[in-house]
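Take a look at the letters that make up each chain.
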Amino acid sequence: ELIALIDRLESEHVEVRHALDTLGSAIEQDDGVALRGALQACAESLGTGLDVHSVAEDEVLFPGIVPFIGEAMVSAFTEEHLRIIALRDQAYERMGQGVADFDGCAELCELLGSHIEREDQVLFPAARGSLAD
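In this text the structure is predicted, and so the values were computed from the model without any measurement. (Residues numbered from 1 in each chain as written. Predicted model: local features only at pLDDT ≥ 70, side-chain atom pairs only at ≥ 80, totals over all residues. Heavy atoms only, no water.)

A. A look at the nonpolar core. Leu23, Leu35, Leu39, Leu46 and Leu112 are the most contacted members of the largest nonpolar core, which totals 24 residues. If you list the elements that add at least two residues to this core, you get α1 (2-29), α2 (32-41), α5 (71-96) and α6 (102-132). Among the elements that make up this core, the one with the highest residue count is α6 (seven residues). (Core = buried A, V, L, I, M, F, W, Y, C linked by side-chain atoms within 4.5 Å. Buried < 20%, exposed > 50% of the residue type's maximum accessible area, 1.4 Å probe, protein only. Helix = DSSP H or I, 4+ residues; strand = E, 2+ residues; numbered from the N terminus.)

Here is the structure:
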């Protein structure tokens, strides 16, 4: 069950990476219209999709793997979820106010990209190995 969830989460990471690439391109252009368009294009994956994904990790996966890999490793990811959601909400709120939040979006891209990379390269393999034993 948890290994199937990890598989699903990894596949969702592909979609989120695509959204981050779209946002990153708009940030590089330093174009407010492009940034607004990117945020609108990514609204599903960065909105509801990210919320559902984070809840699945925080409420199902992480509690299920803590006994095997320890609270310390998992807690950093849980804390990052709070910052990621706050940055995402800030970006969309500012977009709604007509403000292009390049700095906030850049921080979101950097943090979420790093977060996904560490989950895919460290956390998920460790969890898979522990669950397979």
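B. Quick peek at the side chain of Asp101. In this fold, Asp101 is placed in the loop between α5 and α6. Judged by its relative accessible area of 8%, Asp101 falls in the buried class. Excluding residues that lie within four positions of it along the chain, Asp101 makes contacts with Leu35, Gln90, Ala91 and Arg94. (Contact = heavy atoms within 4.5 Å.)

C. The packing of aromatic side chains, seen in detail. Counted under the stated rule, the structure contains one aromatic pair. Arranged with centres 6.4 Å apart and planes meeting at 55°, the rings of Phe62 and Phe77 form a pair that is tilted. Of this pair, Phe62 sits in helix α4 (residues 48-69) while Phe77 sits in helix α5, and the two are 15 residues apart along the sequence. Assessed through its relative accessible area of 5%, Phe77 is described here as buried. (Phe/Tyr/Trp six-rings, centres within 6.5 Å; stacked < 30°, edge-to-face > 60°.)

D. A look at the packing of α5 against α6. Direction vectors running N to C along α5 and α6 enclose 155°, while the axes themselves pass 10 Å from each other. Classified by the angle their axes make, α5 and α6 are roughly antiparallel. Seen along the crossing, α5 lies across α6 with a hand that is left-handed. Only Gly104, Cys105, Glu107, Leu108, Leu111, Leu112, His115, Arg118, Glu119, Val122, Leu123 and Ala126 of α6 make contact with α5, whose side of the interface consists of Met73, Val74, Phe77, Glu80, His81, Arg83, Ile84, Leu87, Arg88, Gln90 and Ala91. Residue classes in the contact of α5 with α6 are distributed as 13 nonpolar, four polar and six charged. (Axes fitted to C-alpha atoms, helices over the stretch in contact; angles between N-to-C directions. Parallel < 35°, antiparallel > 145°, perpendicular 65-115°, else oblique. Left-handed = near helix turned anticlockwise from the far one by under 90°. Nonpolar A, V, L, I, M, F, W, Y, C, P; charged D, E, K, R; others polar.)

E. Spatial organisation of the pattern of salt bridges. Going through the model one piece at a time under the given rule, you end up with nine salt bridges. Glu12 is the partner of Arg8 in a salt bridge, and the nearest nitrogen-oxygen pair spans 2.9 Å. One end of the pair, Arg8, and the other, Glu12, are both in helix α1, four residues apart, so they sit about a helical turn from each other. By relative accessible area, Arg8 is classed as partly exposed at 35%. Look at Glu12 and you get partly exposed, because its relative accessible area is 21%. Here Arg83 ties to Glu107 by a salt bridge, and the two come within 2.8 Å at their closest N and O atoms. Residue Arg83 is found in helix α5, and its partner Glu107 is found in helix α6; the two are separated by 24 residues along the sequence. Arg83 gets classed as partly exposed once you look at its relative accessible area, which sits at 37%. (Salt bridge = Lys/Arg side-chain N within 4 Å of Asp/Glu carboxyl O.)

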